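# Coordinates in review
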Amino acid sequence: MAAASVMQPPAAAWQELHRICPVRWPKVSVRTDHTRHIAHLMVTPATVRPVCLWLFGEAGYHFATLVAEEFDGTWHLTYVFYDPASHGWAYVELRQPLAQTSVISIGDTVHAADWHERETEDLFGLRFEGHPKLGEFVLHENWPEGINPMRKQFDARAPFAHHQQKTVWEPPTIVEAPGAFIMPIGPVYSDFAESAHFVIETTGEDMLRVLPRFFYKYRGVEKIAEGQTTERVLLLAERFSGSSAFAHGFAFCRAMESLCETGVPPRARVLRSVFAELERLRHHVAVIAGICASTGLAVAQAQGASLEEDLLRLTAQVCGHRYLFGVLKPGGLTLAPDARCLDLLRERAHALNLRLEKLYAGLRYSSSFLDRLEDVGLIRAEVVKAFGLVGPVARASGGAADLRKLFRYGAYEQVDFAVPTETQGDGYARLRILFQEAAQSAAIIERLLDDVPDGPVCAEVIPRAGAALGFAEAPLGATFHWLRLDAAERVQRYRISTPSFRNWHAFRVAVEHFSFQDFPIVLATFGLSNAECDR
Amino acid sequence: MFNWFYTGLKAGIRTTPYPKKADMAPGISPGRPRATRLDAQVAEALTMRCPTGALIKHQGGVDVDYRHCVHCARCRRNTGTQVMDWSQDYDWGVLSAHAERAGHRFRDIFGRSLHIRFLDAGACGACMSEARQLNNPYYNIHRLGFFITPTPRDADILLVAGPVTDAMRIPLQKTYAAMPEPKRVVAMGVCALSGGVFGPSFISAGGVADVIPVDVLVPGCPPPPLAILHGLLLAVERTMPSRLTTHAAETEA
Ligand code: SF4
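Criteria and cut-off values
- Residues numbered from 1 in each chain as written.
- Chains lettered and ligands numbered in written order.
- Predicted model: local features only at pLDDT ≥ 70, side-chain atom pairs only at ≥ 80, totals over all residues.
- Heavy atoms only, no water.
- Helix = DSSP H or I, 4+ residues; strand = E, 2+ residues; numbered from the N terminus.
- Rg over C-alpha atoms; globule rule 2.2 N^0.38 Å.
- Buried < 20%, exposed > 50% of the residue type's maximum accessible area, 1.4 Å probe, protein only.
- Contact = heavy atoms within 4.5 Å.
- Areas by Shrake-Rupley, 256 points an atom, 1.4 Å probe, with all protein chains shown as cover.
- Near = heavy atom within 4 Å.
- Nonpolar A, V, L, I, M, F, W, Y, C, P; charged D, E, K, R; others polar.
- Phe/Tyr/Trp six-rings, centres within 6.5 Å; stacked < 30°, edge-to-face > 60°.
- Lys NZ or Arg CZ within 6 Å of the ring centre and 35° of its normal.
- Pairing = 2+ DSSP bridges.
- Axes fitted to C-alpha atoms, helices over the stretch in contact; angles between N-to-C directions.
- Parallel < 35°, antiparallel > 145°, perpendicular 65-115°, else oblique.
- Left-handed = near helix turned anticlockwise from the far one by under 90°.
- Buried area = accessible area lost by both parts, 1.4 Å probe.
- Salt bridge = Lys/Arg side-chain N within 4 Å of Asp/Glu carboxyl O.
- Polar contact = N/O pair within 3.5 Å; in protein donor to acceptor, adjacent residues only side chain to side chain.

For chain A, the count of helices and strands is 18 helices and 15 strands. In summary, chain A has a C-alpha radius of gyration of 23 Å against a globular reference of 24 Å for 535 residues, a match within 12%. Dimensions of chain A, computed from the C-alpha atoms along their principal axes, are close to 70 × 60 × 55 Å. In chain A, buried positions account for 63% of the 535 residues. Nonlocal contacts in chain A, meaning residues at least 24 apart in sequence, comprise 68% of its contacts between residues at least 6 apart. As displayed, chain A offers around 18700 Å² of accessible surface, 53% of which is attributable to carbon and sulfur atoms.

What follows deals with the site of the ligand. Around the ligand, the neighbouring residues are B:P33, B:C50, B:P51, B:T52, B:L55, B:C69, B:V70, B:H71, B:C72, B:A73 and B:C75. In terms of residue class, the shell around the ligand is made up of nine nonpolar, two polar and no charged.

This part covers the packing of aromatic side chains. Taken as a whole and judged by the stated rule, the model has 33 aromatic pairs over all chains. A centroid spacing of 5.7 Å and a plane angle of 70 degrees characterise the contact between A:W25 and A:W54, whose relative ring orientation is edge-to-face. Taken as a pair, A:W25 in the loop between helix 1 (17-24) and strand 1 (29-33) and A:W54 in helix 2 (residues 48-57) lie far apart in primary sequence, 29 residues in all. Given the relative accessible area of 12%, A:W25 is considered buried. Geometrically, the ring pair formed by A:W115 and A:F501 is edge-to-face, given 5.6 Å between the ring centres and 65 degrees between the ring planes. You can see A:W115 sitting in helix 3 (residues 114-124) and its partner A:F501 sitting in helix 15 (residues 499-504), a full 386 residues away along the chain. Positioned above the aromatic ring of B:W86, the side-chain terminus of B:R76 is 4.3 Å from the ring centre. Here B:K183 stacks its cationic end above the ring of B:Y176, 4.3 Å away from the centre of that ring.

Residues and elements named next belong to chain A. With antiparallel pairing, the three strands of this open sheet are ordered in space as 8-9-10. Looking at which strands have only one partner, the edges of the open sheet turn out to be strand 8 (181-185) and strand 10 (207-213). Here the strands of the sheet are splayed against their neighbours by 20 degrees on average, with no regard to which way each runs. In this sheet, strand 9 (residues 197-202) lies alongside strand 8 in antiparallel orientation, the contact comprising five bridges. From the neighbouring strand, I182 faces strand 9, where its bridge partner is E201. Lying over the sheet, helix 17 (residues 519-526) contacts strand 8, strand 9 and strand 10, oriented at roughly 140 degrees with respect to strand 9.

Here the focus is the packing of helix 9 (residues 339-364) of chain A against helix 14 (residues 427-450) of chain A. Residue and element names in this part refer to chain A. Between helix 9 and helix 14, the least distance of the axes is 9 Å, while the angle of their chain directions is 160 degrees. Here helix 9 is positioned roughly antiparallel relative to helix 14, judged by the angle of their axes. Where helix 9 crosses over helix 14, the two elements pack in a sense that is left-handed. Residues L342, L345, R346, A349, H350, N353, L356, L359, Y360, L363 and R364 of helix 9 touch helix 14, and the partners they reach there are Y428, R432, F435, Q436, A438, A439, A442, I445, E446, L449 and D450. The residue inventory of the contact of helix 9 with helix 14, partitioned by class, reads 14 nonpolar, three polar and five charged.

Each partner contributes to the interface: chain B provides 65 residues, whereas chain A provides 76 residues. For the pair chain B and chain A, the two sides together bury roughly 5600 Å², of which 59% comes from carbon and sulfur. Taken together, the connections running from chain B to chain A amount to four salt bridges. For B:R74, the salt bridge goes to A:E231, with nearest N and O atoms at 2.6 Å. Across the contact surface, chain B and chain A share 20 residue pairs in polar contact (both at pLDDT 80 or more). Contributing elements (two or more residues each) for the side of chain B that touches chain A: helix 1 (4-11), strand 7 (114-120), helix 5 (126-133) and helix 6 (166-178) of chain B. Class assignment for the residues of the side of chain B that touches chain A results in 37 nonpolar, 17 polar and eleven charged.

All names here are of chain B. Strand order across the open sheet formed by three strands is 2-4-3, with antiparallel pairing between neighbours. Taken across any chain shown, the strands that pair with only one partner, and hence form the sheet edges, are strand 2 (36-37) and strand 3 (55-58). With two bridges connecting them, strand 2 and strand 4 (residues 61-64) associate as antiparallel partners. For T36, the partnering residue across the bridge sits in strand 4 and is V62. Of the strands in this sheet, strand 3 and strand 4 are in contact with helix 2 (residues 40-49), which crosses strand 3 at around 160 degrees.

Residues and elements named next belong to chain A. Within the fold, A302 resides in helix 8 (residues 298-319). Here A302 falls in the partly exposed class, since its relative accessible area comes to 26%. Each C-alpha atom of the pair A302 and S195 lies 24 Å from the other, and the pair is 107 residues apart in sequence.

It is worth spelling out the packing of helix 6 (residues 245-260) of chain A against helix 7 (residues 266-294) of chain A at this point. Residues and elements named next belong to chain A. Two elements in contact, helix 6 and helix 7, have axes separated by 8 Å at closest approach and are oriented at 150 degrees. In terms of their interaxial angle, helix 6 and helix 7 are classed as roughly antiparallel. Mapping the contact onto sequence places A245, F246, A247, F250, C253, R254 and E257 in helix 6 and R272, F275, A276 and E279 in helix 7. For the contact of helix 6 with helix 7, the residue count by class is seven nonpolar, no polar and four charged.

Time to look at helix 3 of chain A. Because an α-helix completes one turn every 3.6 residues, residues spaced three or four positions apart along the sequence face the same direction. Residue and element names in this part refer to chain A. Buried residues dominate helix 3, accounting for eleven of its eleven residues. Within the sequence span of helix 3, burial applies to D114, W115, H116, E117, R118, E119, T120, E121, D122, L123 and F124. Positive backbone phi, at 80 degrees, marks G125, one or two positions downstream of helix 3.

The omega angle of the peptide bond from B:E181 to B:P182 is -10 degrees, so this bond is cis rather than trans. Along the chain, the position of B:P182 falls in the loop between helix 6 and strand 10 (184-188). In this structure, B:P222 follows B:C221 across a cis peptide bond, with omega equal to -10 degrees. The residue B:P222 is located in the loop between strand 11 (216-218) and helix 8 (225-235) in this model. Phi is positive for A:E261, close to 50 degrees, though the residue is something other than glycine. Examined against the element boundaries, A:E261 turns out to sit in the loop between helix 6 and helix 7. Since its relative accessible area comes to 53%, A:E261 is described here as exposed. Notably, B:A73 is not glycine yet its phi reads approximately 65 degrees, a positive angle. The residue B:A73 is located in the loop between strand 4 and strand 5 (85-87) in this model.

Here's what the structure looks like:
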C-alpha cells in the first residue's frame, strides 16, 4: 500500500523545497512564504502525482487536506502537506480550466487522500483518474447523478426536490462463503448512536467484511457557508460538530487571523488553550464513559458520566455555555472571565482529575473489562502512516503527530508536555491514551492558569480578500479549515477536514476479522463522531 | 477484581430533585435571553447584532423567537449598551400548534411508564450528548418511568434532534410509521425546530415538522438535560408548558 522506502531519506525541509523541486521537476515552480512557513509548489497536471508521492513517500510529509475550488473561472486544487520535521507546510497547487474535469489520483499511495478524492468527485464532479472507487459517497442513492452541489452555479438556499425517486441501495459486492449472511446496522440503531450504516458480513462469529456507509448527516456545511458573512460562518464552525465545537471554532478563527495577519492578545492566547484543553478533557471523559458502557460495566460508566456532567457544568460556569458555543471570535474571545472564575476552574479541574485517576486505577484492575479491550480492534503502525490517521487512534498505534506540539500554536509554546504514545494499537491502548491525554489536559489547564497575562481578550481583525488555512488539534485529532474571503468580506470557500473523516476511513481495518460482539467495543474505543465526519 | 459494587455504593446519590423541586445547581443550564424592556435605540442595536434573527423589536423592547436563538450570547456580551435579560431557567418545552389543536389526552394511557426512541436526524453531537446525559446518575430518568428503547416498535415517544438531512428523511418517516399509536413526537434543539443554522437548505429540511407531525418543541442550542426532560414530561401532560413562549408556539408545526 504505502510506497515509503525503508531507508530514512534526507530531510526535505519546507525552506529547501524551492531548491529541490525545480531540479527534480523543471516544470514545477516554488514560492516560499516565510511568515507562514509555506512552500507553494505550482505543479502541472503531469507533475501533481509525482510531487505528492515524493512528499508523502520520501520526504516524510503528512497529508493534511485537499481543497478544490472553482475560482476565477479555473479549477484551483490545493493539496496541503506538512512536515513534522521542519514544522512547515507544502501546498501543492494545481490550476486547470473548468472544462478540464479530470485529475490524476494520488489516493492509491497517499491513502489519506482517498476519501478526499471521493468526496471531491461526488460534490464537484471532478474525476480522479486511476481511483478504484468513485461514485456515490457523500450523496446517497436518492441524489440524481450529475448534479454536483459544490459547483458555483448550484443554489444552496433553495430546497432541492428529488424525493420522488426511491432507489434502494445494495452493497456492490457480497461475500460468498458457506453460511455467510449480511447483518445491517443502522442508520437508526442503538440507544443514542449517531446515524450511520454498517453492513456487516459474517458467517456467525467473525466479521468477514464491514462496509460502513456514512454521510447520513451531510448538512452541506461547506456549501451553505458560501456567500455568508464570517460572523454566520463562525456559527457553523462551532455547531457542525458540537462535541468538539471549540476546536473547530478555534481552527476557523485561526484561518481568519492567518489571512488577516491579526495578532491575538496574550491573555486570549492563554485562555483559548485553557478552554481547548477543557473541551478535550470533557470529550475524552465522555468517550471513556462510552467505552465502559460498551462493555457493560455499569458502575464505571456511571462514574464516567457523572464526571462528564460535572465538567459540562464547570464549563457553563466559566464560559456561559456547556459546550463552549459563543466563546470564540476572530481576534480573540468574547468573554473575559474574572480571577474568581479562573480560580474555580483551576481548583475544579484539579479535583476532577483526581476522580478520573481513581476511575483509571479501578479499570486497570478489572480483568473482565480489560479482556474485552485487549488485542481487539488492532490498528498497526503501517495503517497509521498509509491512512494518515490522527489523534488518539493514531497515538495508540505509535503515531505521535500532534499539531499542538509540532507547531506550538497559541499558548502551547509556553507549556512543555510530552505527547503520550502507545504501540499496541488495540482497544486498551486507545483507552490508555484517552486517560493520559485527559490527565495531561487537566495538567496543562493548571499550568496555564498559574500565569494568565493581563490585558484585552480580543484584537481587531481587519478583513481582507484571500485564502488561508487554520488548524488545531481537536480532541479527536488534527483538523484543518481552509477559508477564502472575497473583497466584500463574504466567504467564498470554506473547506473543513476533520479527524473523524480521516479515522473512519480506517475503521473497517480495525473491526474486520474480529468477532461480532467486539463491534460495539471497537466503535467505542475509536470514539469518532459522524457529525464531525459528515459535516 | 476491582470492587465496583462498593465504589457504586460509596458514590451515593447525586440525582436531581427535579421535577419535584427546582434544581438550581450552577451550570445545569446555559440559560437563554428573554423578552426585555429596552428603549428603541438599544433595541435596534441588539436586534442588529443577533446573527439568526431571533430578536424581534417591538414598541416596548425586544422579544425572543426561541425557534431561532442559538445561544451565541452576542446580545449578552460586549454590546456596549444594555443587554438582554438572561433567564437561568430550563423548563423550555412548549406545545406545538398541532398538539394544541389535536388536544389529545396522553396522560391517562402513559402517565407512569413511557418508552422513548431517540433519533439523530443530523444533530451536531451537542444535542445528542445532552440527551445521553438523561441516563446518567444526575438525571436518571428511569426514576420517572422513562425508558430509552432501541426499537421504534416499543416506543411511545420519538425524540428527534437535527434539522432532518436529506438522507435521514426516509429513516425518520419509517421510524415514525413503525411506532404504534398513540404516539408523540418531541423535537429538541433549534435545528429540529427551524433548521437552525443549517436549514432549510438544498440538503436539510427546516426542522422535524417538515417531515412528521410534532407535538412538543424544546428550544435550545443545545437544550440542557432538564429542558429535554421538561419536554418529555410535557408530552405526557405531567407538567405545564414554558411561560416564555413568545413566538415559539405560534408557529405551525
Ligand atoms: S443569544 Fe444569539 S441567537 Fe440568541 S437572541 Fe441573542 S444574539 Fe440572537
